[in-house]
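# Residue-level structural notes
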Amino acid sequence: MLGNLSWLPYFSCKPICLADLGLPFRSYDSESDAQVMNHTWTYSDSVRESLDIPIAIIDNFYSNEDYNKIITELNYLYEIGAYKSPEDPNGPGTAYEDGVALKGAKGIHLDTAYESRDMSDILSVNRQLFDKDLTTELIKGSPYFRYVSKCEKDYTKVHYYAQGDYYKPHTDQCVMTAISWFYTPPRGFFGGEFMIEKQIQIESLNNRMVIFPSILEHEVKEVVMQDNQPGKGRYSISQFLYM
């Protein structure tokens, strides 16, 4: 697994540490360096002091090989018309407010689209979220991330955001949410920023993952396509973790 991990403490909304998650891992400790797995591990005091409700951001989460598998499957599902509207029986579903759907993007419940997980590259490679080394690093940042290591079941949805698509503020009915973003380069859209509690804006960069407590209200800003070229919109893969 490749990637850079940064933390956003909910209350200060500022990154407070950065770790190289390429195996072997490196993290941070302010007072003393300890040799773990033959690499230096350090921790920032600010992690201990202010990380009340953590938000983890991991850039380049998947290797190039796995990224290519994901993009290939995402584009294939687009080409065969697998992505349905939120309220379609075969669609991704949506949160509601006063009876009005909050989601304006097409998608699919990936777990129900295949007879077995092994048939989907996405459902196979996204098991990396539960990698022991990764969850150990996450827990060092905050005990909230024990929910990841102790997850008993999870479900995966794929969304495709095209012209005018959005997802208004909502919460998820699980304990932790992990969302990763993808697009086929060059990027064919503007917007689509990810917002948490209307205070933290996270750019939906290619192959970036964000992990956060599901009770935090989050939204997707409207997507504006550059030229409406098919398949050049914003893909997201959401993993919903349950105890």
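Residues numbered from 1 in each chain as written. Predicted model: local features only at pLDDT ≥ 70, side-chain atom pairs only at ≥ 80, totals over all residues. Heavy atoms only, no water.

## Here's the deal with a nonpolar patch on the surface
- A cluster of nonpolar side chains, Y144, Y147 and M243, forms an exposed patch at the surface whose accessible area comes to about 270 Å².
- Structurally, Y144 can be placed in the loop between α5 (132-141) and α6 (146-149).
- Of the residues examined, Y144 reaches a relative accessible area of 31% and is grouped as partly exposed. (Patch = residues over 30% accessible without salt bridge, like charges linked within 9 Å, V, L, I, M, F, W, Y side chains within 5 Å. Areas by Shrake-Rupley, 256 points an atom, 1.4 Å probe, with all protein chains shown as cover. Salt bridge = Lys/Arg side-chain N within 4 Å of Asp/Glu carboxyl O. Helix = DSSP H or I, 4+ residues; strand = E, 2+ residues; numbered from the N terminus. Buried < 20%, exposed > 50% of the residue type's maximum accessible area, 1.4 Å probe, protein only.)

## Structural notes on the pairing of strand β12 (residues 176-182)
- The buried fraction of β12 amounts to seven of the seven residues, a majority that puts the element mostly inside the structure.
- Neither face of β12 is exposed, since M176, A178, S180 and F182 on one face and T177, I179 and W181 on the opposite face are all buried.
- Two strands pair when backbone bridges link them, and β12 and strand β16 (residues 208-213) are joined in this way by six bridges, in the antiparallel orientation. The residue of β16 that forms the bridge with S180 is M209.
- Where β12 lies against strand β19 (residues 234-242), seven bridges are found, and the strand directions are antiparallel. Of the residues in β19, the one forming a bridge with T177 is F240. (Pairing = 2+ DSSP bridges.)

## Some thoughts on helix α2 (residues 64-79)
- For α2, with 16 residues, the first-to-last C-alpha span of 22 Å sits near the 22 Å given by 1.5 Å per residue.
- Of the residues making up α2, those classed as buried are D66, Y67, I70, I71, E73, L74, N75 and L77.
- Packing partners of the buried residues in α2 comprise α3 (110-113), α4 (121-125), β10 (153-161), β12 and β19. (Expected span 1.5 Å × (residues − 1). Contact = heavy atoms within 4.5 Å.)

## As for the side chain of S236
- With respect to the helices and strands, S236 occurs in strand β19.
- The buried category is assigned to S236, whose relative accessible area is 4%.
- With residues up to four places along the chain from it excluded, the contact list for S236 reads K157, V158, H159, Y161, I179, S180 and W181.

## Points about the pattern of salt bridges
- Throughout the structure, instances matching the rule amount to seven salt bridges.
- Between E65 and K69 there is a salt bridge whose closest N-O contact spans 3.9 Å. With E65 and K69 both in helix α2 and four residues apart, this pair spans about one turn of that helix.
- A salt bridge links R127 to D154, with the nearest nitrogen and oxygen atoms 2.7 Å apart. With R127 in the loop between α4 and α5 and D154 in strand β10, the pair connects residues that are 27 residues apart, well separated along the chain.

## Quick notes on the environment of I237
- With respect to the helices, strands and loops of the structure, I237 is situated in strand β19.
- Using a relative accessible area of 3% as the deciding quantity, one classes I237 as buried.
- Each C-alpha atom of the pair I237 and N126 lies 9.3 Å from the other, and the pair is 111 residues apart in sequence.
- Sequence-distant contacts of I237, defined by excluding residues within four places in its chain, comprise I70, L74, I122, T156, K157, V158, A178, I179, S180 and F182.

## Concerning the nonpolar core
- If you look at the biggest cluster of nonpolar residues, it comprises 55 residues, and the most contacted ones within it are L74, F182, F194, I202, V210 and I211.
- Excluding anything up to four places from it in sequence, V210 contacts I55, A56, I57, T177, A178, I179, W181, F194 and I202. (Core = buried A, V, L, I, M, F, W, Y, C linked by side-chain atoms within 4.5 Å.)

## Considerations on α5
- The set of residues buried in α5 consists of L134, T135, E137, L138 and G141. One side of α5 holds all its buried residues, which, seen down the axis, span an arc of 160°.
- The N-cap residue of α5 is D131: its side-chain oxygen and the backbone nitrogen of D133 are 3.0 Å apart. (Arc of directions from axis to C-beta. Polar contact = N/O pair within 3.5 Å; in protein donor to acceptor, adjacent residues only side chain to side chain.)

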